[in-house]
Amino acid sequence: MDLSEFVLGGLASTGATFFTNPIEVIKTRIQLQGELAARGTYVEPYKGLFQAFVTVAKNDGWAGLQKGLVPALYFQFIINSFRLSIYQMALNERWMHTKNGDISFGLGLLWGAAGGALGSYLSSPFFMVKTQLQSQAAKEIAVGYQHHHTGMMPALKQIYKKGGLFGLWRGALATIPRASLGSGAQIATFGKTKEFLIEYNLVTQPILNSFTAGLFAGSVMSLAITPPDVITTRLYNQGLDEHGRGLYYKGYFDCVVKILRSEGIYGMYKGFWANYLRIAPHSTLVLLFFDELLRLRDAYFVKSKI
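In this convention, every chain numbers its residues from 1, walking through the sequence in written order. Residue-level local features of this predicted model are given only where pLDDT is at least 70; pairs of side-chain atoms are given and counted only at 80 or more, and the full residue set underlies all totals for whole chains, interfaces and linings. To get the side-chain values, all heavy atoms of the structure are used, and hydrogens and water are removed first.

- Looking at an unreviewed UniProt entry, the chain carries the name Solute carrier family 25 member 35-like, with the source organism given as Glossina fuscipes.
- UniProt positions are given in the numbering used here, feature names are shortened, and annotations may be inferred rather than shown by experiment. A UniProt comment under Subcellular location (unreviewed entry) is attached to the chain, and it reads "Mitochondrion inner membrane".
- According to the UniProt record, the Sequence similarities (unreviewed entry) comment for the chain is "Belongs to the mitochondrial carrier (TC 2.A.29) family."

Listed below in structure tokens is the structure:
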């Protein structure tokens, strides 16, 4: 694995996160409102994306729209360092190509899922803290369990004090389906779409090609990732009893069953549009930034060798 690709993958994602984190805050709140309650039986402080933005800004201040930004940056750097560098390595080594030289969607799915699973597991503590910080809100608009953290480091210390390393990685296995489905769909679609656009002479300019392929890949990713994303959000945000057990869910499948029983299939797609409007631009920016950073690296490397 090329160390420069590892670092550039992380940098690309942190740049995109500054722009998309406010939508992530809204998505988290929508996914948590009406938790384990049937539709129409609970108050909805967040009725839509635009209204939710106004509500958060009014009650939590404009800074409330960037809650959880610091752990989000750590999470994005770690997960994308692994998944994008693994994707690039598979591409460079032609592990994603068929015998006739074409990029295989299935192999792209495999390598994208592998990188996403590894990166998400290692970055799990930051995803947990990000979720818990983003759910914290003024009493009037609070949804889900409220943890009352004062920042990333106090949150990590508090979680470690209560549960040790196991507590920091609580629910980490739940991130694997989310990351595998999302990352696999994104990486496979991105590589295949770039190849398709160039092969048929549709979009050949490098930056526009990366932008178009990234936007399409983000759209596919949002469809694949929303249900496991809802489950992950619920598992990470739930409170714990005195024995360190979840107050609402015993585990991944228990969470799935309870959501379907109480909220129906609608519950599995809560926050879809917020998720889409976060993932599509985030995916586009991450993959665009990554391709451009690779081009800058290669241009500098070639010039330095001359």
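1. Overview of the environment of Met96
Part 1: Following the sequence through the fold, Met96 ends up in the loop between α3 (69–92) and α4 (105–122).
Part 2: Distance in space between the C-alpha atoms of Met96 and Gly191 is 9.1 Å, their sequence separation being 95 residues.
Part 3: With residues near it in sequence (within four places) discarded, Met96 still touches Tyr87, Ala90, Leu91, Asp102, Ile103, Ser104, Leu107, Gly108 and Trp111. Helical segments are the DSSP runs of H or I of at least four residues, strand segments are the runs of E of at least two, and each set is numbered from the N terminus. The contact criterion used throughout is that any non-hydrogen atoms of two residues lie within 4.5 Å.

2. Remarks on the UniProt feature "repeat: Solcar" (unreviewed entry) in the chain
Part 1: In the numbering used here, UniProt assigns the feature "repeat: Solcar" (unreviewed entry) to residues 4–93, 103–196 and 205–296.
Part 2: Taken end to end, residues 4–93 has its terminal C-alpha atoms 16 Å apart, with 72% of it in helix and 0% in strand.
Part 3: The straight-line gap between the two end C-alpha atoms of residues 205–296 is 16 Å; of that span, 80% is helix and 0% is strand.

3. Observations concerning unusual backbone geometry
Part 1: Notably, Leu36 is not glycine yet its phi reads approximately 55 degrees, a positive angle.
Part 2: Looking at the secondary structure, you find Leu36 in the loop between α1 (3–32) and α2 (49–60).

4. A closer look at the packing of aromatic side chains
Part 1: The criterion for an aromatic pair is that two Phe, Tyr or Trp rings (for Trp, the six-membered ring) have centres within 6.5 Å, with stacked assigned to planes under 30 degrees apart, edge-to-face to planes over 60 apart and tilted to the rest. In the structure shown here, the tally under the stated rule is 13 aromatic pairs.
Part 2: Here the aromatic rings of Tyr252 and Phe253 are separated by 5.6 Å at their centres, their planes lie at 75 degrees, and the arrangement is edge-to-face.
Part 3: The interplanar angle of 80 degrees and the centroid separation of 6.0 Å between the aromatic rings of Trp273 and Tyr276 together place this pair among those described as edge-to-face. Placement of the pair is Trp273 and Tyr276 together in helix α10 (residues 272–305), with a separation of three residues, close to one helical turn.
Part 4: Grouped by ring-pair contacts, the aromatic residues Tyr269, Phe272, Trp273 and Tyr276 constitute a single cluster.
Part 5: Whether a charge sits over a ring depends on NZ of Lys or CZ of Arg being within 6 Å of the ring centre and within 35 degrees of the ring normal. Its guanidinium or amino end placed over the ring of Tyr266, Arg39 lies 3.9 Å from that ring's centre, counting from NZ or CZ.

5. Here we look at the environment of Lys270
Part 1: For Lys270, the location among the structural elements is in the loop between α9 (252–268) and α10.
Part 2: Considered as a pair, Lys270 and Asp229 are 41 residues apart in the sequence and their alpha carbons are 9.6 Å apart.
Part 3: Lys270 has contacts with Ile30, Gln31, Gln33, Gly34, Glu35, Tyr42, Thr226, Val230, Arg234 and Glu263, leaving out every residue within four places of it along the chain.

6. Points about the environment of His148
Part 1: Structurally, His148 is set in the loop between α5 (124–135) and α6 (152–168).
Part 2: Through-space distance from the C-alpha of His148 to that of Leu260 is 29 Å; in sequence the pair is 112 residues apart.

7. Section: the packing of α1 against helix α8 (residues 206–237)
Part 1: Between α1 and α8, the least distance of the axes is 10 Å, while the angle of their chain directions is 80 degrees. Between α1 and α8, the interaxial angle falls into the category roughly perpendicular. The residues of α8 that touch α1, namely those facing Lys27, Thr28, Gln31 and Leu32, are Thr226, Asp229, Val230, Thr233, Arg234 and Asn237.
Part 2: The residue classification treats Ala, Val, Leu, Ile, Met, Phe, Trp, Tyr, Cys and Pro as nonpolar and Asp, Glu, Lys and Arg as charged. All others, Gly included, are polar. By residue class, the composition of the contact of α1 with α8 is two nonpolar, five polar and three charged. Note on geometry: axes are lines fitted to C-alpha atoms, helical ones only across the stretch in contact, with angles between N-to-C directions running from 0 to 180 degrees. The cut-offs work like this: below 35 degrees is roughly parallel, past 145 is roughly antiparallel, 65 to 115 is roughly perpendicular, and the gaps in between are oblique.

8. Some words on the side chain of Glu24
Part 1: Tracing the backbone through its elements, the reader meets Glu24 in helix α1.
Part 2: Residues adjacent in sequence count toward polar contacts only when both atoms are side-chain atoms; beyond that, a polar contact is any pair of N or O atoms within 3.5 Å, and within protein one must be able to donate a hydrogen and the other to accept it. A distance of 3.1 Å separates the side chain of Glu24 from the side chain of Lys27, its partner in a polar contact.
Part 3: Of the polar contacts made by the side chain of Glu24, one reaches the side chain of Lys130; its length is 2.7 Å.
Part 4: Setting aside its immediate chain neighbours within four residues, Glu24 contacts Lys130, Gln134 and Arg278.

9. A few points about α1
Part 1: By this rule, a helix spans an expected 1.5 Å times one less than how many residues it contains. The terminal C-alpha atoms of α1, which comprises 30 residues, lie only 38 Å apart, well short of the 44 Å expected from a rise of 1.5 Å per residue.
Part 2: The bend at a residue is defined as the angle formed between two axes, one fitted to the seven residues ending at that residue and one fitted to the seven starting there. Most pronounced at Phe19, the bend in α1 amounts to some 55 degrees, and the proline Pro22 follows within four residues.
Part 3: A positive phi of about 70 degrees marks Gly34, the residue just after α1.

10. Focus on the packing of α3 against helix α7 (residues 172–199)
Relative orientation and spacing of two packed helices are given, respectively, by the angle between their axes and the distance between those axes.
Part 1: In contact at an axis separation of 12 Å, α3 and α7 are set at 50 degrees when each is read in the N-to-C sense. With respect to their mutual orientation, α3 and α7 come out oblique. Crossing angle aside, the handedness with which α3 passes α7 is right-handed. Along its contact with α3, which presents Phe75, Ile79, Arg83, Leu84 and Tyr87, the element α7 presents Arg178, Ala179, Ser183, Gln186, Ile187, Phe190 and Gly191. When the near helix sits turned anticlockwise from the far one by under a right angle, the crossing is termed left-handed; a clockwise turn instead gives a right-handed crossing.

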